[in-house]
Amino acid sequence: MARDWRDLFITGDDAADSASAATAEQPEKRRGFFRRLRENMSKTREALTSEIQATLFDTLDEETWERLEEALIMADVGARTTAGVVGQLEQEATAGQVEGGPALQERLVELLAGIAKTGTDTIDVRKRDGGPTVIMAVGVNGTGKTTTIGKLAWHLRQELGKTVLLGAADTFRAAAVEQLTVWAQRADVEIVTGPPNSDPGAVAFDAVAKGRERGVDVVIIDTAGRLHNQDELMNELTKIRRVIDKQMAGAPHETLLTIDSTTGQNGVRQAKLFSEAVPVDGIVLTKLDGTAKGGIALAIAGELGIPVKLIGIGESLEDLRPFDADDFARALVTVDA
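Being a predicted model, the structure only gives us computed values, none of them experimental.

Asker: Help me get a handle on the nonpolar core, residues and values and all.
Answerer: Ranked by internal contacts, the top residues of the largest apolar core, which has 67 residues, are L68, I244 and I283. When residues of this core are assigned to their parent elements, the largest contribution, eight residues, is made by helix α7 (residues 101-116). Formed by 29 residues, the second largest nonpolar core is a distinct cluster that contains L8, I135, A184 and L317.

And the structure:
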């Protein structure tokens, strides 16, 4: 799974790859982020570790597996995913394949991480003959979608040296355009906007066109997150994809859905709804620092087969990070760092 920005993005640029290898995150920096991840996921972990402790597995009986199942469900891992994990662990324990509390806890970490490792966990931003890589960002209002776009643009420019253009196609909410404009200035990237209440598809079309004309590497399109009904939402997103494809065949190349982790199982429902409207390639899971429902990452991956690619654990630029399934699972259930 992706561990840092150079693992998340496929660049195909030999010079950039050499520079990336030379400047790759040092082990201490990685450990520092893991500590922050554990600290910011403390609410979820505390909810789990009140039940998931080494002593839980001292006596392996029906109550043991029920307590484990209840703990995972309370953390919003999801009933179906939980049943699969607990059933597998119980089967292996009964067969004597895994013995002892520490070994069972470690195996639990492996099973949870395995669920999160679904689909493709990278984003391809290699040079394209027809123009830039086009990323479409979707999600309901209030999930942190626009902020995530700004941070992503900043990291693409600062970490990988990519040129980026933003398309403010969330034209129904003036604050979204203003916020994205501020982020464009902060990240030192270009932005394309339209008049208030203008056609979102037209803005997206213009953004891709200007991205091609100016030879930028990546175009990121923001989209409206609140429409009057489900059908309108689907139709609008489908339309935007269609007009982007008319401007550049095959685009958008990546669709990222931002989910607020504090919404728990409602986030799974949102992911299902959006994936019915447009092909969703990856999830951005935000606000993990403020929830006891961090297990939603596993529920989305396990139930919908959509990989989590980015996580947000705070407000700073460094708190948007590529998702690492192994780190996440360990931070979720282990008491000691």
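What follows picks up the thread again.
Asker: Summarise a negative patch on the surface; cite the residues concerned and give the values.
Answerer: Taken together, the side chains of D61, E62, E63, E66, E69, E70 and E90 define an acidic patch exposed on the protein surface. The dominant element in the negative patch, judged by the number of residues it contributes, is helix α5 (residues 62-74), at five residues. Within the secondary structure layout, E62 lies in helix α5.

Asker: Got a sec to walk through unusual backbone geometry? Specific residues and values, please.
Answerer: With the exception of glycine, the majority of residues adopt a negative phi angle, and the majority of peptide bonds are in the trans configuration. In this structure, P252 follows A251 across a cis peptide bond, with omega equal to 0 degrees. Positive phi outside glycine occurs at D76, with the angle close to 65 degrees. As for its placement among the helices and strands, D76 is situated in the loop between α5 and α6 (79-94). Since its relative accessible area comes to 9%, D76 is described here as buried.

Asker: Please provide a residue-by-residue account of the packing of aromatic side chains, values included.
Answerer: On inspection of all chains with the given rule, the structure shows two aromatic pairs. Summarising the aromatic geometry, the rings of W5 and F9 are spaced 6.1 Å apart at their centres and angled 10 degrees between planes, so their arrangement reads as stacked. Plain terms: the ring middles of F323 and F328 are 5.2 Å apart, the flat faces sit at 55 degrees to each other, and that makes the pair tilted. Among the residues examined, F328 registers a relative accessible area of 1% and is labelled buried.

Asker: Residue-level account of the packing of α5 against α6, with values.
Answerer: The contact between α5 and α6 brings their axes to 9 Å, and the two run at 150 degrees. With respect to α6, the axis of α5 lies roughly antiparallel. The element α5 and its partner α6 pack so that their crossing is right-handed. Facing W65, L68, E69, L72 and I73 of α5, the residues of α6 in contact are A79, T82, A83, V85, V86, L89, E90 and A93. For the contact of α5 with α6, the per-class residue count stands at ten nonpolar, one polar and two charged.

Asker: I'd like to hear about the layout of surface pockets, residue by residue, with values.
Answerer: Taken as a whole, the largest pocket encloses approximately 210 Å³ of empty space. Of the residues forming the lining of the largest pocket, the biggest block, three residues, is contributed by helix α8 (residues 145-160). Class assignment of the residues belonging to the lining of the largest pocket gives a composition of two nonpolar, seven polar and five charged.

Asker: Run through the pairing of strand β7 (residues 254-260), naming residues and quoting values.
Answerer: For β7, a buried count of seven out of seven residues is recorded, marking the element as mostly surrounded by other parts of the structure. Burial of the side chains of β7 extends over both faces: E254, L256, T258 and D260 are buried on one face and T255, L257 and I259 on the other. In this sheet, β7 lies alongside strand β3 (residues 133-138) in parallel orientation, the contact comprising four bridges. The residue of β7 that forms the bridge with A137 is L256. Bridging between β7 and strand β8 (residues 282-286) involves five bridges; their strand directions are parallel. Looking across to β8, one finds that D260 is bridged to T286.

Calculation rules
Residues numbered from 1 in each chain as written. Predicted model: local features only at pLDDT ≥ 70, side-chain atom pairs only at ≥ 80, totals over all residues. Heavy atoms only, no water. Core = buried A, V, L, I, M, F, W, Y, C linked by side-chain atoms within 4.5 Å. Buried < 20%, exposed > 50% of the residue type's maximum accessible area, 1.4 Å probe, protein only. Helix = DSSP H or I, 4+ residues; strand = E, 2+ residues; numbered from the N terminus. Patch = residues over 30% accessible without salt bridge, like charges linked within 9 Å, V, L, I, M, F, W, Y side chains within 5 Å. Areas by Shrake-Rupley, 256 points an atom, 1.4 Å probe, with all protein chains shown as cover. Salt bridge = Lys/Arg side-chain N within 4 Å of Asp/Glu carboxyl O. Lys, Arg positive; Asp, Glu negative; His and termini not counted. Charge placed at Lys NZ, Arg CZ, Asp CG, Glu CD. Phe/Tyr/Trp six-rings, centres within 6.5 Å; stacked < 30°, edge-to-face > 60°. Axes fitted to C-alpha atoms, helices over the stretch in contact; angles between N-to-C directions. Parallel < 35°, antiparallel > 145°, perpendicular 65-115°, else oblique. Left-handed = near helix turned anticlockwise from the far one by under 90°. Contact = heavy atoms within 4.5 Å. Nonpolar A, V, L, I, M, F, W, Y, C, P; charged D, E, K, R; others polar. 1 Å grid on protein atoms, 1.4 Å probe; cavity = no way out; pocket = protein on both sides within 12 Å on 5 of 7 lines; lining within 4 Å. Points joined across faces, edges and corners; volume = space filled by probe spheres on them. Pairing = 2+ DSSP bridges.

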